[in-house]
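# Structure at a glance
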Amino acid sequence: LGSTFRTPPPSSAAPDSAARPPLRDKTPDTPDAVLAMTRSADPEQRAVGLERLRRVNGIDDATLKTAYQFALHDADGDVRAAAISGLALLDEAGSSGLLSAAMADEHPSVRLAALDSLALNRDTRPLYEQALTDADETVRELAALRLGLE
């Protein structure tokens, strides 16, 4: 499998998923097909491809990590959120710094993905507490839920 990724085009013309209809994709879940989705010009295709990567047999961890790390720099917040979730699952022990940085992302879906990926332990609990004062209500609600405050 090739793990060469091209820089995705800017996605300023495409809204984030909140304004998009659901994707009705019939792309097969083969390694090559799913990796191709992660390189699509369409940000929704890239996000769906990143989410599917975790479930496809035949993709090694190095290729997964490369795809996720590349997507961390995507212009689309939903693509970055999918990358955060994938990296956190791939390297749970070493993801706290990444998740901490993701909590400062401008896009709420990235912050939500980071919160959802954090395990409630003494190292990450302060990030949940910090998220209680986030500018986005959904982020605040998820933090409260994970802390058992709701």
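Before reading on, note that the structure itself is shown above.
The following refers to the structure shown. Please read all numbers here as calculations on a predicted model, not as lab measurements.

### Considerations on the overall build of the protein
When you go through the protein residue by residue, the secondary structure sums to eight helices and zero strands. Secondary structure elements of the protein occur, N-terminal to C-terminal, as α-α-α-α-α-α-α-α. The burial tally for the protein puts 43% of its 150 residues in the buried class. Here the analysis covers contacts within the protein between residues at least 6 apart in sequence; of these, 54% occur between residues at least 24 apart.

### What to know about helix 4 (residues 77–90)
Along an α-helix, a turn takes 3.6 residues, which lines up residues three or four apart on a common side. Between its terminal C-alpha atoms helix 4 stretches 20 Å, which fits the 20 Å expected from 14 residues at 1.5 Å a residue. In terms of residue burial, helix 4 counts as a mostly covered element, since 12 of its 14 residues are buried. Every buried residue of helix 4 is listed here: G77, D78, V79, R80, A81, A82, A83, I84, S85, G86, L87 and A88. Residues of helix 4 that are buried make contact with helix 2 (43–53), helix 3 (61–71), helix 5 (96–102) and helix 6 (108–117). A side-chain oxygen of the first residue of helix 4 lies 3.0 Å from the backbone nitrogen of D78; this N-cap is D76.

### Focus on the environment of A143
In this fold, A143 is placed in helix 8 (residues 137–146). Accessibility expressed as a relative area gives 0% for A143, which makes it buried. What A143 contacts, discounting residues up to four positions off in sequence, is L115, Y128, A131 and L132.

### Section: the side chain of D105
Inspection of the secondary structure assignment puts D105 in the loop between helix 5 and helix 6. Among the polar contacts listed, one links the side chain of D105 to the backbone nitrogen of H107, at a separation of 2.8 Å.

### Structural notes on the packing of helix 6 against helix 8
Look at helix 6 against helix 8: their axes get within 9 Å of each other, and the N-to-C directions meet at 5°. Judged by the angle between their axes, helix 6 and helix 8 are roughly parallel. When helix 6 is examined against helix 8, the residues P108, R111, L112, L115 and D116 are found in contact with a partner set consisting of T138, V139, L142, A143 and R146.

### Observations regarding the side chain of R80
Assignment of secondary structure puts R80 in helix 4. Polar side-chain contacts of R80 include one of 3.1 Å to the backbone oxygen of A75. In this structure, R80 is in contact with A71, L72, D74, A75, D105, E106, H107 and V110, ignoring residues within four places of it in sequence.

Calculation criteria
- Residues numbered from 1 in each chain as written.
- Predicted model: local features only at pLDDT ≥ 70, side-chain atom pairs only at ≥ 80, totals over all residues.
- Heavy atoms only, no water.
- Helix = DSSP H or I, 4+ residues; strand = E, 2+ residues; numbered from the N terminus.
- Buried < 20%, exposed > 50% of the residue type's maximum accessible area, 1.4 Å probe, protein only.
- Contact = heavy atoms within 4.5 Å.
- Expected span 1.5 Å × (residues − 1).
- Polar contact = N/O pair within 3.5 Å; in protein donor to acceptor, adjacent residues only side chain to side chain.
- Axes fitted to C-alpha atoms, helices over the stretch in contact; angles between N-to-C directions.
- Parallel < 35°, antiparallel > 145°, perpendicular 65-115°, else oblique.

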